[in-house]
Each structure stands twice: as C-alpha cells, then as structure tokens.
Number of protein chains: 2
Amino acid sequence: MATEIPLVTAVEREWATAPARAADIGRWDVTTDVLIAGYGGAGVCAAIEAAEAGADVLALECTGAGGGTTITSGGQLYIGGGSALQKELGYEDSPEEMLKYLLALCGPAADEEKCRFYCERSPAHYDWLVEHGVPFQAAFFPVELGTIPPGTEGLMYTGSELGYPYREMAKPAPRGHTALHPGNNAGLVLMGRLLEAAEKVGVRVAYEAHAERVVAQADRRVVGMVATIDGETKTIRARRGVILTTGGFIHDRGMLERFAPRLMKCSPPLGNNTEDGSGIRMGMGAGGAAIRMNEGSIVMPYAPPRDLLRGIFFNRRGQRFVAEDLYQYQLGEAVMMREVGVAYLLLDAGIAPENSMGAQVCAEGTLEEIERALGIPETGLVHTVEQYNRFADKGEDPLFHKHPNWIRPLDRLPYQALDLSTDRCAYPTFTLGGLWTKPSGEVLDVEGHPIKGLYAAGRTTSGFPAAGYNSGMAVADCTFFGRIAGRTAAAL
Amino acid sequence: MATEIPLVTAVEREWATAPARAADIGRWDVTTDVLIAGYGGAGVCAAIEAAEAGADVLALECTGAGGGTTITSGGQLYIGGGSALQKELGYEDSPEEMLKYLLALCGPAADEEKCRFYCERSPAHYDWLVEHGVPFQAAFFPVELGTIPPGTEGLMYTGSELGYPYREMAKPAPRGHTALHPGNNAGLVLMGRLLEAAEKVGVRVAYEAHAERVVAQADRRVVGMVATIDGETKTIRARRGVILTTGGFIHDRGMLERFAPRLMKCSPPLGNNTEDGSGIRMGMGAGGAAIRMNEGSIVMPYAPPRDLLRGIFFNRRGQRFVAEDLYQYQLGEAVMMREVGVAYLLLDAGIAPENSMGAQVCAEGTLEEIERALGIPETGLVHTVEQYNRFADKGEDPLFHKHPNWIRPLDRLPYQALDLSTDRCAYPTFTLGGLWTKPSGEVLDVEGHPIKGLYAAGRTTSGFPAAGYNSGMAVADCTFFGRIAGRTAAAL
C-alpha cells in the first residue's frame, strides 16, 4: 500500500536519463497504479481520467503547486469540429474541415493520425471540460478585434483560418475556446477547475517531488520511477504505468543546442523554467524515440491593435514577404527562418504605430527617405507600395491574398516604419518536438514499437501541432492527450 | 580466433533496433578487435586506421562489393586550412578562415567542436589520402567554369566561398580536392585506392553480410553484433569496439516521415539504396542520441553552364529571392523552404537556356508577357528587372550581392523563363542528421555520455556539415571521421 509522501523545499537538480534497473530496486517505498511526472495541463487531465477509471493515481510535481505552464497561459483551447459552443453561437464546423486546416497548417511534417484522432473527438473534449467544471461564456469575440478578448467571451478566431491559402483549403470556423475569465489569464480558471476536479476524484500529489528516472525491467517494460522527495531518493512502483508530462525543453540550453539550435536565436522562452526536457530525456533513456525535435513555435505578437494589419511588412530589400493577417506563429517563422530576423512594418499616417511588441518607429517620411534610412536598394520599397496600392484600390492583394478587410491603399504621408526585427523585439518561443507517441499516449521506439508501461503527453511529446501552431493548440493538445494517456494507462 | 565467413546472396531485410543482450549470447561465432558495419567511405577509412593501429578488423558489407555511396560520388573532398595541394597551387588558406566559413554556412546549428577539429587536421587528411595512394593532379579548375572539371584538375571551388556574405566573413579559398579522374566519377579512383589500401593492411570484409543489431552488456557497453551471413544468424564479438558506418536514411520512408518529413517533398534520393538508416537505428537502440535529424542537403544543380549565373531567379511574385551564384545547396534550400518549391530563372536573349537540370522554358517574350503567362502580379517582374539592370549598369547587386563576374544588365529581347520548380526538375536530396558523436567517433547518449564500445562516422552521424552543405563535405566528413573512429576504437 502507498505510504505518505513528505514534501521537500529544495532539491539539487541532477537529472539522469538511463533508467534504473528493476532488478536493482531493493524495495519499493511507494506503490500506485498510475504514476504521473509533472502536474500541469497534461498531468492533471491524465490524473483525472486515470482516477475516474478506478486507478490509484500519484502525481509528482517538482514545484510547490500544480498547474505547470498551462496555469500561466491564456487558457485558450483550440477546439472544433462542431463543439457545443460553436453550435450555440451559430458557427458551423466539422472534424473534416478542422483536419483539412490542421494538415495545411503543419505541412509535410503533420502527424495526420494524431490530428485526425483529435479532430474527431474535439467536440467531446469541450463537453468533458465543461463537465469537469470549466466555465465558458457563450459569446463570440469578433475577429476584427483580435484573438484575446479583454472581456470574458468564450469563442474566437485564434489562427490563420481566414488567412490565405487556408480559407480556400478548409471552411473557416472560430476554434479558440477560452475559459471564462477577463483578459489574458484564463489559464487560472481552466487549471483551477481541473485541479479541483482531480482532488475530488482522489488524485494524490507530491509537491517539490523530482522525478529522476524511470525504472525498467530487462524486457524494457517500465514499472516505476525513482524520485527525490524531501531530499531522499524514493522508489515508486507503478502497477499500471508511468506517464511523462513534464513539458518541453525550451529552458534547457544543452538540448536546444543539440536538437533545436535555431530556436536559440529567439527569446524569450515561453513556459515555466521547469520545462527543461527532463521527461523527454527519461523517455529516450527508456528507449523512446524523440521526433520533430527541431520544431518550435516562434511567435510575433505585433497586433493588437488590429489596425496594424492594414500596414505591410517588408524586408531588407523592401519586398513584402508574408501576409500581414496570418497567425503570429506564421509571421514569426517567416521573419526568423526566411528573413534572417530582419523585418519592418510600413504604416501610413492613417495608422497609429502603437503595438503590442513595443516595436519602435525606426524611419519616417517619404518612401524614398525610408529606403535611404534603412539602406534599402533604391525603388525597392517605392515599387512595393506602388504595386500594393494599385491592387488595394480594387480591394485585392494578389501577392499574399491578405483578407480584403485589411486592405486599403497606403497613401497618407508621412509614412512610418516599425522595426520588428528579432533583436529589437520579443519573440516568445517554445519547443514542439518530443517523444513519439501514439494517439493512445504509448511512447514508441524508433521502429514504432511501444515501450510497455510508458506513456507521455503534452509538450513532452510531439503532439497534434507537430509542426505548425495557433493559439490554444498547446493547451488543447496537453489536456486532450493527457486525458487519453491517463485512460490508456489506467486500463492496463 | 576468427572463423572464415561465407557469403550469402539474398537476405530478408529485417532490421531491429534493440540490442541483443550479451548475457543471451551462447557462443560467439566470430571474434575480432574492431567490427565495422558498412564498407563505404567511412567504413574503409575506419578499417585502415584500425588495422594500422594493430587491430584485427572485420567489416560487414551488405552488398556484394565495397565502396558504398562514396564510390558512386564525384570523389570530391572538402579539404582546406592550407593543404599541400592548395599551397602548391598558390592558394592561401588557414584552419581559422576555413572554420569561419563553416560556421557561417551552418548557422546556429553548426557543430563547432567538430568543425574546429576537422579544420585543424584537414591539411593532414589530404596528406594521409595521398600516402594511401589517392592521386590528385596539381592543377586548378577555374571558378568561372564550374565546380566539376570535365578533365582531371585536382583543386576547385565547390561552395559559396566567393558568394555573399561568405566572401566578407572569411577569406575565400578553393577547397574542393578531387581525385585524379576525368569527369564526375572520381569516387571510383578515391575508393578504389582506399579499398586497395585496406586490403594491404589485412582488413577482412564479409560481403552480403547484414548487420542486424549490436550486442550490449547490462552496463550498456557494446561488445559485438548479430549479423545475418549466408542466411544464418552469426554472433560476432568485437573486443575493442563496433563502428557504425552504414550511411544515412534517405531511402527509409518511415524514418523520413518521422524525422525529416520536409525532405520527402524532394527527389531523387541521392545515395545507394542501402542508406536506410539501419546504423542510426541500431545506435539509438543502444542508447545513442540522434540529432539534427531534420537536416538534409537539397541540391539545385542548375549550372553549368556557368553563363546561367548571369540570369536572375524569381518567385511567384516576380521577386528575386537568392543570389544566383551561391552553392546549389543554398539554392535548393531557398527554393524548397522559402518559396514552397516554385522558382524561375530569367534569361535574356544573350544567354542560352540549356542547363544541367533539364529545366524547360515555360514563358518567353517581353517581361509583361512573362508576367501574364506565369500569373505574376503586374509590374512584379518588370520592376525586379528594372531595378536589377539599373544597379547592374554599375556592376552592383545591392539586393543579394552576386559576384560582379556574373552581373550585366538583362536587356536583350526576347526574355525567357526557365521553370526550376521542384515538381518539374530533379533536386537530389540526402540526409545530414544522425547519431550524436564526439569528434573521436564515440556515440553519445542524450546527456552527452559515451556509449562504451560504440562508434560511428559518416552519414550515420551528424557530421561537420551538420546543417549546411557544399560539394565534397560528405566525402571529407566520411573519410576523415571514419579514420578517427577507427583509431579511437583500435586504441582501446
């Protein structure tokens, strides 16, 4: 039977990857059915499902409180396919259209199986959240106003669904579902309610408890974990399974250097500083494959105010390079990966330069003056604006197909250029690569064979937003696949 | 003592990753000091060094003959830092300038330790090749003529050293060293001589011998290998070490899907069809970390004829997007990653459209006619050429800094556009990601700890061209780090 686990306030970090051998474990200090490492969005949902399935559940949380990065997030979930909230507010959606959009967004690196699995079950995930106490207000936040309501509206666009070419590839629908809370901290409500729900179903949590390594048998099956609790090494047996939900690795410089070096050029890291890749490393040590490790979300949150979308981005050559109304992830990718981090936004006198990134006006006056000030080869910017305005007169943007809502000629002098370069502004960045898992949560080796007894979810895995990102996808992925992993583990 | 190994003509492919357990090996059928899986460029060099160090060496080759992909290659090696050949032909170079270039080329994903290690020893690598019978002609092939001599010249430019911004970041020097053989098949001479050298020092080779898995002790040390030889499973003990040199994974669709999905959009795969990732999978199974698995070389070999460099690339918007005189890897990357695979080359009537890729003329006439034919928004191409010509009159290219040698106004009608899109032309592609190794060849786990007894080199590893490529780098990396791995393994 499980023993009481005491708390501890400070533990030396000393991660190790290689599993301990079951044969070397003299005695188990603690026994549970399902053991969860990391008590954020994925961990708490895994815990609830496992406990509801009748399992004895113990979660290890390395800080003093549950919630992980999710509790600090905007509490937005990317949900669609025809959720109750979408229906109530009159927005049509289907799993098929949602899947089309996700596959277009992620490109060739999409995890189609995981995307399909999620799209089909996305409406039910919304119901599950509501059943577990998460409140959503049945109100739509207009796309013209942005992606994050200052109020408490529950439904909004949080991606590029209305952007080109997505709006032609899949029927657009608003899929951002935000827990009822004003402003950008709805993660508090979302996680607050889920943590309460977990407590109600008897989930036990050890805080300040550091998962050190998994314990594996000679046949590779994972049967428990070694953790440091109260400064002491404890062995914990997991009769049914171990679930790794410790987050990604944006805070581990060593792992970034090896696996995602391009992400190191962007800052700040987005996520709790406990996202140090420990779960991924434990999983790899147990034989799991880590995939898409180079992928990440580099976000360029330049708007609101949405009026800025009427401006045009240009590069060092004065060329436009991306549609201004795409989701901030696509913009960050374009600036970082295609334009080597240098980007400007051109505004005319009809658009105020105030912006969410604190970007500064770096040149103003005529287009020729801005060309000279920024070292743009003569006529580069002049032609870009001349061509843009000529088509804008007809409400068109044949270069990038910006939505007509945001198109008007830029002709009111003086012009202003905002410097949005990555070394001048914050580009919040987090990792998307991680352990290869089946939708069930089973961790797979490089051949695609499951490591028995080992499960993972959330940023510890390569999730459904494998190689493309919109607001709400990380939290949706964590909570949904956390649930599935908990259910799978408990069923064994 | 080692027994004679019989040959076999056909073996079912049945790779497995997990190592066999040493404790389960009843008896060893064969014993050697150093066991090498894969007898291409890396394998043969590892074999020579190990044998010269006094080790008993056995190499397993899954085909009927040694040579691997290297023997089918152009036999170019990227060597610099002041090689005897560079000096004889009057070209100054130093390890410092070579390192600066490599770090600029690879960007944030560079493996600085490996690059530095190689640059310092690159001149000596040339000497070693010569000492082992590889002939090089002391003649320079002019950069104006290209990167691959139809004749037998030994030294040439094979990268972007003279391109921008590289020529300003590091002192340019020609670093392509090609074995003496006319045309594009100098790999025959390079590998022919190395295979002979290996035979002379007593390296034994088993052909049609399939490495199936490594054998590891409970403490993770690799002590041998299980192989299928003559249709029979054989256990081979390696007293000093196992070296994995089976190539990359461009022919394994499953691995591409999981690790490098973007490379699947390009074809043809470049390399022998034995490059199926088996070495990487065995290494991962033994606890090794695979890094930079998304990286690859996508090559756009549009010139020769070099006269084509006087044209300008343009994208779907009529914009230029890359300097035309960069190495074909940078061009392939730009087309594939930035322009979604769509690219055209504009030529005027003074440049013949014949090209190495078989690209076809898809539009001709005035610039306005080409815009209409290709659906380019009006004035997009017209302005691009107007701006290009205005600066070209002064021999300048402020947008991309193409070398003045290739700059002249494009003003002789009619214009022609070549379609260089990835779905119209061949873009040979191979993988650059693989096992994480120290310069010594030791395979590292995700924490950076060596897996005792396990070594790797060549495309089975993430080599010195970790995330950037020029002609000759793969063969230089294979042969050089193969040698070091052989020496390290033999020394134990």
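Residues numbered from 1 in each chain as written. Chains lettered and ligands numbered in written order. Predicted model: local features only at pLDDT ≥ 70, side-chain atom pairs only at ≥ 80, totals over all residues.

A. Region of interest: the relation of the copies chain A and chain B. Note on the copies: chain A fits chain B at an RMSD of 0.0 Å, the axial shift is 0.0 Å, and the rotation between them is 180 degrees. Considering both components of the superposition, the chain copies are consistent with a two-fold axis. Residues of chain A ranked by C-alpha distance from the rotation axis are headed by Arg338(A), positioned 3.0 Å from it. Taken together, the interface assignments show that 100% of the residues at the interface of chain A recur at the interface of chain B, consistent with an identical surface on both copies. (Least-squares fit on C-alpha atoms with pLDDT ≥ 70 in both. Contact = placed C-beta atoms within 7 Å.)

B. Fine view of the sheet that holds strand S17 (residues 415–419) of chain B. All names here are of chain B. With respect to topology, four strands assemble into an open sheet ordered S14-S15-S17-S16, the strand pairing being antiparallel. Where the open sheet ends on each side, the last strands, each with one partner, are strand S14 (312–314) and strand S16 (360–365). Each adjacent strand pair in this sheet contributes to an overall mean axis angle of 30 degrees, direction not counted. Taken together, the four bridges between strand S15 (residues 344–347) and S17 define a ladder with antiparallel strand orientation. Bridge pairing in S17 places Leu 345 opposite Leu 418. Contacting S15, S16 and S17, helix H10 (residues 367–374) runs over the sheet at an angle of about 130 degrees to S16. (Pairing = 2+ DSSP bridges. Helix = DSSP H or I, 4+ residues; strand = E, 2+ residues; numbered from the N terminus. Axes fitted to C-alpha atoms, helices over the stretch in contact; angles between N-to-C directions.)

C. Quick peek at unusual backbone geometry. Omega for the bond connecting Tyr164(B) with Pro165(B) falls within 30 degrees of zero, at 0 degrees, which places this linkage in the cis form. When you line up the elements, Pro165(B) lands in the loop between strand S6 (153–156) and helix H5 (166–169). Note that the residue after Leu413(B), namely Pro414(B), is joined by a cis bond; omega there is -5 degrees. Along the polypeptide, Pro414(B) turns up in the loop between helix H11 (380–392) and S17. At Arg220(A), a residue that is not glycine, the phi angle is positive and equals roughly 85 degrees. Along the chain, Arg220(A) turns up in the loop between strand S9 (209–216) and strand S10 (222–229). A positive phi is found at Val340(B), a non-glycine position, where the angle reads about 55 degrees.

D. Focus on the pairing of strand S11 (residues 232–244) of chain A. Residues and elements named next belong to chain A. The pairing of strand S2 (residues 30–37) with S11 spans seven bridges and is classified as parallel. When the sheet's bridge partners are listed, Ala 37 is paired in S11 with Leu 244. Bridge count between S10 and S11: six bridges; the pairing is antiparallel. By the bridge assignment, Ile 229 is partnered in S11 with Glu 232. Where S10 folds back on S11, the antiparallel hairpin that results is connected by two residues, among which Asp 230 adopts a positive phi of roughly 60 degrees. As judged from the three bridges shared by S11 and strand S21 (residues 450–456), these two strands associate in the parallel manner. Paired with Ile 243 across the two strands is Tyr 455, which belongs to S21.

E. Representation of the interface of chain A and chain B. Opposite the 30 residues of chain A that make contact, chain B presents 30 residues. Those elements giving two or more residues to the side of chain A that touches chain B turn out to be helix H7 (253–259), helix H8 (278–285) and helix H11 (380–392) of chain A. Per-element tally for the side of chain A that touches chain B: the top contributor is H11(A), with four residues. Looking at the side of chain A that touches chain B residue by residue, the class counts come to 15 nonpolar, seven polar and eight charged. (Nonpolar A, V, L, I, M, F, W, Y, C, P; charged D, E, K, R; others polar.)

F. Local environment of the domain arrangement of chain A. Residues and elements named next belong to chain A. Domain assignment breaks chain A into domain 1 (20–71 + 188–297 + 428–491), domain 2 (76–184) and domain 3 (306–419). A straight line from the C-alpha centre of domain 2 to that of domain 3 covers 29 Å. Taken together, the contacts link eight residues of domain 2 with 10 residues of domain 3. In the side of domain 2 that touches domain 3, the residues fall into three nonpolar, four polar and one charged. (Domains from an automatic or database assignment.)

G. The packing of helix H10 (residues 367–374) of chain A against H11(A), seen in detail. Residues and elements named next belong to chain A. For the pair H10 and H11, interaxial distance at closest approach is 8 Å and the crossing angle is 140 degrees. The orientation of H10 with respect to H11, classified from their angle, is oblique. Seen along the crossing, H10 lies across H11 with a hand that is right-handed. Of the residues in H11, those touching H10 at Leu 367, Glu 368, Ile 370 and Glu 371 are Gly 380, Leu 381, Val 382 and Val 385. Of the residues contributing to the contact of H10 with H11, the split by class is five nonpolar, one polar and two charged. (Parallel < 35°, antiparallel > 145°, perpendicular 65-115°, else oblique. Left-handed = near helix turned anticlockwise from the far one by under 90°.)

H. Representation of the sheet that holds S6(B) in the model. Residues and elements named next belong to chain B. Judged by pairing direction, the sheet is mixed, and its four strands sit side by side in the order S4-S7-S6-S5 without closing on themselves. For this open sheet the edge positions go to strand S4 (76–78) and strand S5 (137–140), each flanked by a neighbour on one side alone. In this sheet, neighbouring strand axes are inclined to one another by 30 degrees on average, regardless of whether the strands run parallel or antiparallel. Alignment of S5 against S6, held across two bridges, turns out to be parallel. Opposite Phe 140, over in S6, you have Leu 155 as the bridge partner.

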